[in-house]
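One letter stands for each residue in the lines below.
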Amino acid sequence: MVRCLGPVLLLLLLLLGSVSSAGGNRCVDAAEACTANALCQRLRSEYVAQCLGRAAQRSCPRARCRRALRRFFARGPPALTYALLFCPCGGSACAERRRQTFVPSCAFSGPGPAPPSCLEPLEVCERSPVCRPRLLAFQASCAPAPSAPDGCLWDQRTHCVRAYAGLVGTAVTPNYVDNASARVAPWCHCGASGNRREDCEAFRGLFTRNPCLDGAIQAFASGWPPVLLDQPNPQGHPEHSLLQVSSTGGTLEGCSLLSILPVLALPALL
Amino acid sequence: MAVGKVLLGSLLLLSLHLGQGWDPDARGAPVANGEFSSEQVAEAGGTWLATHRPLTRLRRAPSGPCQLWSLTLSVAELGLGYASEEKVIFRYCAGSCPRGARTQHGLALARLQGQGKAHGGPCCQPTHYDDVAFLDDHHRWQWLPQLSAAACSCVG
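Counting restarts for each chain, with residues numbered from 1 along the sequence as it is written. A letter from A marks each chain and a number from 1 marks each ligand, given out in the order of writing. The predicted nature of this model means local features are confined to residues of pLDDT at least 70 and side-chain atom pairs, given and counted, to a pLDDT of 80 or more, with totals for whole chains, interfaces and linings taken over all residues. Values reported for side chains reflect all heavy atoms of the structure, with hydrogen atoms and water molecules removed beforehand.

Peer 1: Sorry, what's going on with the pairing of strand E5 (residues 141-155) of chain B here?
Peer 2: Consecutive side chains along a regular strand alternate between the two faces of the sheet. Residue and element names in this part refer to chain B. Where strand E4 (residues 123-135) and E5 come together, 11 bridges link them in antiparallel fashion. Looking at the pairing, His128 lines up with Ala151 of E5. Once E4 ends, the chain turns through 5 residues before running back antiparallel as E5, passing His139 with a positive phi of about 60°. Strand pairing is assigned whenever DSSP detects at least two bridges linking the two strands. Helix and strand assignments come from DSSP, with helices taken as H or I runs of at least 4 residues and strands as E runs of at least 2, each series counted from the N terminus.

Peer 1: Whenever I open this one, the pattern of salt bridges confuses me. Can you help?
Peer 2: Where charged atoms from two side chains of opposite charge approach closely, those side chains can pair. In what follows, salt bridge is the name for a side-chain nitrogen of Lys or Arg lying within 4 Å of a carboxyl oxygen of Asp or Glu. A complete count under the given rule lists 10 salt bridges over all chains for this structure. The salt bridge partner of A:Glu46 is A:Arg42, with a shortest N-O separation of 3.7 Å. Of this pair, A:Glu46 and A:Arg42 are both found in helix H3 (residues 38-52), 4 residues apart, which corresponds to roughly one turn of the helix. Relative accessible area decides the class of each residue, using a 1.4 Å probe on protein chains only: under 20% of the type maximum gives buried, over 50% gives exposed, and in between gives partly exposed. Judged by its relative accessible area of 28%, A:Glu46 falls in the partly exposed class. Measuring nitrogen to oxygen at the nearest pair gives 3.1 Å for the salt bridge that ties A:Arg44 to B:Glu86. With one member in each of two chains, A:Arg44 in helix H3 and B:Glu86 in the loop between strand E2 (67-74) and strand E3 (87-94) form a pair that bridges those chains. Look at A:Arg44 and you get buried, because its relative accessible area is 2%. For B:Glu86, a relative accessible area of 1% puts it in the buried group. One network of salt bridges, in which partners are shared, links A:Arg42, A:Glu46 and A:Arg71.

Peer 1: Which parts of the structure should I look at to understand the packing of H3(A) against helix H4 (residues 62-75) of chain A?
Peer 2: Any two packed helices are characterised by how steeply their axes cross, that is the angle between the axes, and by the distance between the axes. Residues and elements named next belong to chain A. Axis lines are fitted through C-alpha atoms, for helices just across the contact stretch, and the angle between N-to-C directions can take any value from 0 to 180 degrees. In the contact formed by H3 and H4, the axes pass within 8 Å of each other and the chain directions differ by 165°. In terms of orientation, H3 and H4 fall into the roughly antiparallel class. Considering only the axes of H3 and H4, their crossing is left-handed. Taking contact as the criterion, the partners of Leu39, Cys40, Leu43, Arg44, Glu46, Tyr47, Gln50 and Cys51 in H3 are, on H4, Arg64, Cys65, Ala68, Leu69, Arg71, Phe72 and Arg75. Under the grouping applied here, Gly and all other residues not named as nonpolar or charged are polar, the nonpolar ones being Ala, Val, Leu, Ile, Met, Phe, Trp, Tyr, Cys and Pro and the charged ones Asp, Glu, Lys and Arg. A breakdown of the residues in the contact of H3 with H4 according to their chemical character gives 9 nonpolar, 1 polar and 5 charged. Any angle from 65 to 115 degrees is called roughly perpendicular, while one under 35 is roughly parallel, one over 145 is roughly antiparallel, and all others are oblique. For any pair of crossing helices, the crossing counts as left-handed if the nearer helix is rotated counterclockwise from the farther one by less than a right angle, and right-handed if it is rotated clockwise. The contact definition used throughout considers only heavy atoms, calling two residues in contact when any of these lie within 4.5 Å.

Peer 1: Hey, could you run me through unusual backbone geometry in this one?
Peer 2: Excluding glycine, residues mostly carry a negative phi; peptide bonds, for their part, are mostly trans. Residues and elements named next belong to chain B. Although it is not a glycine, His139 sits at a positive phi angle of roughly 60°. Checked against the element boundaries, His139 lands in the loop between E4 and E5. Residues other than glycine seldom take positive phi values, yet Gln146 does so here, at roughly 55°. Locating Gln146 in the fold gives a position in strand E5.

Peer 1: Explanation requested: the state of the cysteines in the structure shown.
Peer 2: What makes a disulfide is a covalent bond joining the sulfur atoms belonging to two cysteines. Disulfide: a pair of cysteine sulfur atoms within 2.5 Å of each other. A complete count under the given rule lists 12 disulfides over all chains for this structure. Disulfide pairing places A:Cys190 opposite A:Cys200 at an S-S distance of 2.0 Å. With the S-S dihedral at roughly -95°, the linkage between A:Cys190 and A:Cys200 falls on the left-handed side. On the criterion of sequence distance, the pair formed by A:Cys190 in the loop between strand E2 (184-186) and helix H11 (197-208) and A:Cys200 in helix H11 is long-range, its members being 10 residues apart. Neither residue differs from the other here; A:Cys190 and A:Cys200 are each classed as buried. The cystine pairing of chain B, numbering bonded cysteines in sequence order, is 1-4, 2-5, 3-6. The thiol of B:Cys123 is unpaired, and the distance to the nearest cysteine sulfur, on B:Cys97, comes to 7.0 Å.

Peer 1: Even after reading the chapter, I still don't get helix H2 (residues 26-36) of chain A, so can you show me in this structure?
Peer 2: Each full turn of the α-helix corresponds to 3.6 residues, which orients residues three or four apart in the same direction. Summarising burial for H2(A): 10 of the 11 residues are buried, a large majority. Those residues of H2(A) that fall on the buried side of the exposure criterion are A:Cys27, A:Val28, A:Asp29, A:Ala30, A:Ala31, A:Glu32, A:Ala33, A:Cys34, A:Thr35 and A:Ala36.

Peer 1: In this structure, what is going on with H3(A)? I would like to understand it.
Peer 2: Under the convention used throughout, the expected extent of a helix is 1.5 Å for every residue step, that is, one less than its residue count. With 15 residues, H3(A) should reach 21 Å at 1.5 Å per residue; the first-to-last C-alpha distance of 21 Å fits that figure. Restricting attention to buried positions, one finds in H3(A) the residues A:Leu39, A:Cys40, A:Gln41, A:Leu43, A:Arg44, A:Ser45, A:Tyr47, A:Val48, A:Ala49 and A:Cys51. Check the buried side of H3(A) and you find it contacts H2, H4, helix H5 (78-86) and helix H7 (104-107) of chain A together with E4 and E5 of chain B. The opening residue of H3(A) is A:Asn37, an N-cap whose side-chain oxygen sits 3.1 Å from the backbone nitrogen of A:Leu39. Pairs of N or O atoms within 3.5 Å make up the polar contacts considered here, provided that, within protein, one atom can donate a hydrogen while the other can accept it, and that residues adjacent in sequence are counted only when both atoms are side-chain atoms.

Right, here's the structure in full:
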């Protein structure tokens with residue numbers, strides 16, 4: 001129980017910080033929570049290093065940048081990495097930070113100044129052994145359920161969030177479109193798609209006109225701090241299955257879920 | 001005369017007591033997450049809880065052996081000219097090094113230093129470094145390679 005003290009206090013701090021300061025930037029809080037965790041900090045520095053590239057090169061090393069991003073989301077503690085991607089924002093400063101989270105100038109946009117037709121990255125993705133399964137998982141997990149009032153089946157939400165994060169670092173990497181809303185889209189358009197316009201719009205609509213995805217991101221934000229504690233980690237690493245934040249970099253093996261639940265219930269009470 | 005001795009003794013005891021209260025206590029963990037302000041030492045959970053108070057100036061050399069220390073700083077406090085809302089963890093090496101070192105050079109030097117024939121002594125130095133990255137106030141990524149110490153050792 002004593003070992004729970006650090007992470008629980010950190011959660012409390014995140015909560016108090018988000019409630020007491022109206023101008024509190026939750027994306028900054030998420031960044032600091034990641035910095036406090038040795039693994040998250042190391043993976044984050046790694047992808048920034050890869051995506052910034054060497055100054056001598058004219059263009060960024062896109063393949064290496066994307067690979068480092070996939071590693072970040074695959075190996076990093078899910079609660080911390082998803083918090084960086086889905087931090088809820090009220091103002092434009094927070095939203096701009098959220099938009100810049102995974103160095104989009106390298107990982108998201110380019111090569112070339114203008115976005116291509118969506119059929120291009122879609123084709124690349126379907127041929128890629130890395131991207132194709134992730135895209136299929138995203139289509140399955142974030143499929144809108146017309147019968148549900150919020151557009152998504154209840155227990156599908158965490159799968160949808162996880163599947164969306166799985167697309168970051170692939171050929172169809174999505175990102176927030178601006179710093180004024182939580183709308184997301186891949187870097188492409190459907191202007192010049194000829195007779196395949198329907199296919200193009202259907203693909204792009206998975207991001208721009210998907211109530212299930214919107215609801216899942218919203219649910220994650222309103223359940224702030226991250227409530228991924230009871231989800232099994234897909235990589236199977238025991239030390240990643242619980243919120244892993246502590247100043248000594250230790251894990252929550254000795255900490256039961258019960259001790260964290262009262263802290264998580266605070267948003268409902270406040 | 002006796003009164004003077006009693007006063008002196010009590011003054012000595014008092015200063016000793018105050019000195020002990022000030023001394024930043026190493027936790028005994030390989031990475032000492034001890035913050036140096038006396039209020040911060042008392043708080044559990046380490047580095048995240050007292051970041052809003054400015055760190056008080058340290059008055060004496062750290063007691064204890066050469067080890068890794070951890071500070072949570074705002075980016076501005078690094079003094080490198082960057083501005084960001086984020087806080088970073090800065091680790092460094094400090095502590096005393098025993099006279100006996102592991103190399104031939106160290107052994108010979110230790111003996112000479114003990115005899116007063118040579119200056120200085122082994123230093124507590126980092127052997128590995130970590131990179132630090134953050135998003136600055138203009139929403140540009142900054143990457144500072146090898147900024148923070150990752151491991152310490154007595155060198156020289």
